[in-house]
Every structure is written in structure tokens, then in C-alpha cells.
Amino acid sequence: MRTFIYFLVVAAFVYGCASTQNDKQMGSSDPVATANDTVRIANDSLEYEIIIIEPGFNTFLNSIARPEGYYSQSYLENKNQFLVTEYNQRVQQPFRFDPNLYPQQIDYNSQIDYGYEVNYKLYNYFVYFSRQYNQRFGVPTRI
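The paragraphs below set out a description of the structure included in this document. None of the values given here were measured: they were computed from a predicted structure.

Within the protein one finds 5 helices and 2 strands. Secondary structure of the protein in N-to-C order comes out as α-α-β-β-α-α-α. For the protein, the residues scored as buried account for 38% of the 143 residues in total. Counting only carbon and sulfur atoms, one obtains 48% of the accessible surface of the protein, whose full area is about 8100 Å².

Structure representation (C-alpha cells):
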């Protein structure tokens, strides 16, 4: 699970840095927007913490994504299982898929109950990721 956490932090950092560099080149930098684009999910009983630092993800989550409770937990777990598997396969093919988009595998075990919030935000991260970076997965990511 810790690998999953590190993956999200690294992925978000890579994209966040690229986005920040573009903003600085254009002469505008908004530290408030960066702070608002950090999503934290933590559960001390399962000993995990996920931090997603992705410019625009928090806005997407609050304005475009379906609200919490729209999907069932089993629906989200099923989608996430397939999406994580395909994502991890892309990580292993750096010459076919951009290694900047797929830097590290996600450690997601379908036998562990991560709870609704984790599954909801992970699925919506895949929806955001596919829309933002024009990536298509074998399992549709829709809102």
C-alpha cells in the first residue's frame, strides 16, 4: 500500500512541477491554487495515507465528478481493480507508454477493503487522468 502512496505523490509531483514551470514562464503563479489541488486520504487503522497533488484534480472532484454515494463501493472496487491492472501494465512498457505519465506501479490489493472514500477518489483520479492526458483504458472511465 505504501508503494501506491508513493506512486501518487511522485506522479502528482512530476505533473505539478511541469504545470508550475509553465505558469512561471507565462508570468503567473498562484500558490493558493496549488494548495487547493492537494487531496489527502488517510486511515490510521489500515496504516495508509494517499496524497494526490495534481493541478486541477480537486476542482474536478468538487465540480465535475459525480458526488460521493453515486456509485456503490463494489462498483468502484471492480472498476479500480481493472484500471489499476491496466495502469500497472503500462508502467512496465516505458517504450510504448510515456514514462512521465506512468512512473510507478500502484499497489492495490482487491482483497483489502480500503473503504468507500479511497475507492471513490482513486476511480475519479483515473477519470481525471484519462480526460486530462487523453488516455484511454480498456475499462471505460465515465462520469
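Having seen it, we continue.
The subject of this paragraph is the nonpolar core. Membership of the largest hydrophobic core comes to 29 residues, with the highest contact counts inside it found for Phe-57, Tyr-87, Tyr-102, Phe-126, Phe-129 and Phe-137. Only strand E2 (48–53), helix H3 (57–63), helix H4 (73–91) and helix H5 (116–132) provide two or more residues apiece to this core. When residues of this core are assigned to their parent elements, the largest contribution, 9 residues, is made by H5. Each residue touching Phe-137, except ones within four places of it in the same chain, is listed here: Leu-83, Glu-86, Tyr-87, Arg-90, Tyr-102, Phe-126, Phe-129 and Ser-130.

On to the side chain of Asn-124, then. By secondary structure assignment, the location of Asn-124 is in helix H5. For Asn-124, a relative accessible area of 0% puts it in the buried group. What Asn-124 contacts, discounting residues up to four positions off in sequence, is Phe-57, Phe-60, Leu-61, Ala-65 and Ile-143.

A few words now on the side chain of Asn-88. Mapped onto the secondary structure, Asn-88 falls in helix H4. Once residues within four sequence positions are removed from consideration, Asn-88 is found in contact with Gln-105 and Ile-106.

The next subject is the packing of aromatic side chains. Going through the model one piece at a time under the given rule, you end up with 18 aromatic pairs. Here the aromatic rings of Tyr-71 and Tyr-123 are separated by 5.5 Å at their centres, their planes lie at 75 degrees, and the arrangement is edge-to-face. Pair noted here: Tyr-71 is in the loop between H3 and H4 and Tyr-123 is in helix H5, with a separation of 52 residues, a long-range link. Consider the rings of Phe-129 and Tyr-133, whose centres lie 5.5 Å apart with planes at 55 degrees: the pair is tilted. Cluster of aromatic residues (ring-pair linked, three or more members): Phe-57, Phe-60, Tyr-87, Phe-97, Tyr-102, Tyr-125, Phe-126, Tyr-128, Phe-129, Tyr-133 and Phe-137. Cation over ring: Arg-66 sits above Tyr-70, and NZ or CZ is 4.6 Å from the ring centre.

Definitions and cut-offs
- Residues numbered from 1 in each chain as written.
- Predicted model: local features only at pLDDT ≥ 70, side-chain atom pairs only at ≥ 80, totals over all residues.
- Heavy atoms only, no water.
- Helix = DSSP H or I, 4+ residues; strand = E, 2+ residues; numbered from the N terminus.
- Buried < 20%, exposed > 50% of the residue type's maximum accessible area, 1.4 Å probe, protein only.
- Areas by Shrake-Rupley, 256 points an atom, 1.4 Å probe, with all protein chains shown as cover.
- Core = buried A, V, L, I, M, F, W, Y, C linked by side-chain atoms within 4.5 Å.
- Contact = heavy atoms within 4.5 Å.
- Phe/Tyr/Trp six-rings, centres within 6.5 Å; stacked < 30°, edge-to-face > 60°.
- Lys NZ or Arg CZ within 6 Å of the ring centre and 35° of its normal.

No statement about biological role is implied by the geometric values presented.
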